Amino acid sequence: MLVDMGDMLRHAHAEGYAVGAFDLVSLDFLQAVLAGAENRRAPVILSLAESHYAYFDPELLMPAVRVAAERASVPVAIHLDHGHSLEAAIRGIRQGFNGVMVDASSLPLDENIARTRAVVEMAHGCGVPVEGELGYVAGVEGEDAERHPGELRFTAPEEAERYVRETGVDFLAVSVGTVHGRLRGEPRLDFERLAAIRALISVPLVIHGGTGLSESQFQRLIEQGVAKINYYTALSDAAGAAVRTNAQVPERRSYTDLVKGTQEAIRLEVERCIELWGGAGRADAVRDACRPWREVEHLIVYNTQDASSAEVDAMMTEGRRVLSAIPGVRQVITGTSVKENAAYRHCWLVRFVSPAVIDSYRDHPDHQSFADQRFRPKAADRISIDYRHSVD
Ligand code: 13P
């Protein structure tokens, strides 16, 4: 069941546990992470990082992620991890993410605020919550942490207060000593800094670079307001270890022989984290506390006056191009009735990612100019209805 990610993390924040946001790079990860969450009856965030798009095509993996989330027996959110631009966020929401991160943490504070605020304005118009990052968590997921691009920069509490107030972000990723990737020892975390940040802001906090932290570090982070923990390298290494074990058996030569057991290895690590972070057994309470995430079908049936079929076709072609670029629109389908004597000859089916898009789409300048100049003058006879989306 796909649920509102803001509701999910507010529940975790209020109840004092953290939801795991596990980065996926393949169907093996998707199946293993969901199996782990279902075994532990825990809410879970399926996370795809823009930096991992070298390993898979998101246009292909996202439909699978959405189907898996919808049929899961535990509450699920789908999150774009480390999106770097407004365009990436718009594209991601169209693909089905119902939470997005904007990572402008490498920019100076004012530019980070400006870029983040632009993403927040767009995403909130789609009903999608936004995670921002302030300070810089160095390192690269899946690699040795020493190979980090840039120096770790800690989050300054007063800047965090200003950043959250001026951007309107729903969750804040903080830098208090964690790094992405494989660590040599336990990192030193600045819990005093975290307490000072927490005293100034009320949104749920996010920790990146979960791999390599100790049980007591996780516990203290959660006690201090961390409601989402990003985790990847340890899952990838567990899968890698399974492949290495297989590779030592001479008869195991095929791809399917070599990846045997990888899902199991990922699942076990996911279950360990869920248990440790306090999410186990919470699925039903989270489902009750969260709005279901449901798409909306904006349907218009219409007849045209004084227009040739070539003119109607041209108008529909332009509409598909213009309207499908509006944030929160998943797809624009146009149609002409199979029977010539149908009461209404043409239709638009515009798929919105959520009910919030009904208003933001109606008010969007590209929609208004297309509707006023191209569509409405030709189609006075029309019926429009927004349907809540349900699928079996
Ligand atoms: P690790 O790979 O260190 O677990 O970090 C994951 C992460 O923070 C993804 O955003």
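Predicted model only: the values in this text are computed from it and were never measured.

Student: I tried to follow the side chain of S105 on my own but got confused; where do I start?
Tutor: Looking at the secondary structure, you find S105 in the loop between β4 (99–102) and α5 (109–125). A polar side-chain atom of S105 sits 2.6 Å from a polar atom in the side chain of D103.

Student: Explain helix α3 (residues 58–71) to me, please; I cannot follow it from the model alone.
Tutor: Residues spaced three or four apart along an α-helix point in a common direction, a consequence of the helix completing one turn every 3.6 residues. With 14 residues, α3 extends 20 Å from end C-alpha to end C-alpha; this agrees with the ideal 20 Å at 1.5 Å per step. Tucked inside the fold, the buried residues of α3 contact α2 (27–39), β2 (44–49), β3 (76–83), α4 (86–95) and β12 (329–336). Measuring from the side-chain oxygen of the N-cap residue of α3 to the backbone nitrogen of E59 gives 2.9 Å; that N-cap residue is D57.

Student: Whenever I open this one, the pattern of salt bridges confuses me. Can you help?
Tutor: Where side chains of opposite charge bring their charged atoms close, a pairing between them can arise. Under the criterion given, the structure shown has 25 salt bridges. Among the ionic pairs, D4 bridges to R291, the shortest N-O distance being 3.6 Å. Note that D4 is positioned in the segment before α1 (5–15) and R291 in the loop between α12 (283–289) and β11 (296–303), a separation of 287 residues in sequence. On the basis of relative accessibility, which here comes to 48%, the residue R291 falls in the partly exposed class. Here R376 ties to D372 by a salt bridge, and the two come within 2.7 Å at their closest N and O atoms.

Student: Is there a simple way to explain the state of the cysteines in this structure?
Tutor: Here is the idea: a disulfide is a covalent bond, and it sits between the sulfur atoms of two cysteines. Applying the stated rule across the entire model yields zero disulfides. In this model C290 remains outside any disulfide bridge; the closest cysteine sulfur is found in C126, 20 Å from its own. Classification of C290 by relative accessible area gives buried; the value is 9%.

Student: What am I meant to see in the packing of aromatic side chains here?
Tutor: In this description, an aromatic ring pair is defined by two values, namely the gap between the centres and the angle between the planes. Under the definition given, this model contains 11 aromatic pairs. Arranged with centres 5.8 Å apart and planes meeting at 85°, the rings of W348 and F370 form a pair that is edge-to-face. In this pair, W348 is assigned in strand β13 (residues 346–352) and F370 in helix α15 (residues 365–375), connecting sequence segments 22 residues apart. Residue class for F370 comes out buried when judged on its relative accessible area of 5%. Taking 5.7 Å as the distance between ring centres and 85° as the angle between the ring planes, the aromatic pair formed by W348 and F375 counts as edge-to-face. Separated by 27 residues along the polypeptide, W348 in strand β13 and F375 in helix α15 bring together distant segments of the chain.

Student: In this structure, what is going on with the sheet that holds strand β9 (residues 205–207)? I would like to understand it.
Tutor: Pairing between sheet strands relies on hydrogen bonds along the backbone, with the strands arranged either parallel or antiparallel. Ordered in space as β1-β2-β3-β4-β5-β7-β9-β10, the eight strands form a closed barrel in which the pairing is parallel. Direction aside, neighbouring strands of the sheet carry axes that sit 25° apart on average. Bridge count between β2 and β3: six bridges; the pairing is parallel. Residue pairing for β3: V44 is matched across the bridge by V76. Contacts from α2 reach β1 (19–23), β2 and β3 within the one sheet, and its direction differs from that of β2 by about 160°.

Student: Is there a simple way to think about a nonpolar patch on the surface in this case?
Tutor: On the surface, a cluster of nonpolar side chains totalling about 250 Å² of accessible area is made up of I383, I385 and Y387. Tracing the backbone through its elements, the reader meets I383 in strand β14 (residues 381–388). You can call I383 partly exposed: its relative accessible area is 38%.

Student: Would you explain the pairing of strand β7 (residues 171–174) in this entry?
Tutor: Along a regular strand, successive side chains alternate from one face of the sheet to the other. Here β7 shows two buried faces, one formed by F171 and A173 and the other by L172 and V174. Across four bridges, the pairing between strand β5 (residues 130–134) and β7 is parallel. Within the sheet, the bridge partner assigned to G132 lies in β7 and is L172. The pairing of β7 with β9 spans three bridges and is classified as parallel.

Student: Looking at this structure, how should I read unusual backbone geometry?
Tutor: With the exception of glycine, the majority of residues adopt a negative phi angle, and the majority of peptide bonds are in the trans configuration. One non-glycine residue, R41, lies in positive phi territory at about 50°. Of note, R41 is situated in the loop between α2 and β2. Despite not being glycine, D306 shows a phi value in the positive range, around 50°. Residue placement: D306 occurs in the loop between β11 and α13 (309–323). Look at D306 and you get exposed, because its relative accessible area is 80%.

Conventions used here
- Residues numbered from 1 in each chain as written.
- Predicted model: local features only at pLDDT ≥ 70, side-chain atom pairs only at ≥ 80, totals over all residues.
- Heavy atoms only, no water.
- Helix = DSSP H or I, 4+ residues; strand = E, 2+ residues; numbered from the N terminus.
- Polar contact = N/O pair within 3.5 Å; in protein donor to acceptor, adjacent residues only side chain to side chain.
- Expected span 1.5 Å × (residues − 1).
- Contact = heavy atoms within 4.5 Å.
- Salt bridge = Lys/Arg side-chain N within 4 Å of Asp/Glu carboxyl O.
- Buried < 20%, exposed > 50% of the residue type's maximum accessible area, 1.4 Å probe, protein only.
- Disulfide = S-S within 2.5 Å.
- Phe/Tyr/Trp six-rings, centres within 6.5 Å; stacked < 30°, edge-to-face > 60°.
- Pairing = 2+ DSSP bridges.
- Axes fitted to C-alpha atoms, helices over the stretch in contact; angles between N-to-C directions.
- Patch = residues over 30% accessible without salt bridge, like charges linked within 9 Å, V, L, I, M, F, W, Y side chains within 5 Å.
- Areas by Shrake-Rupley, 256 points an atom, 1.4 Å probe, with all protein chains shown as cover.

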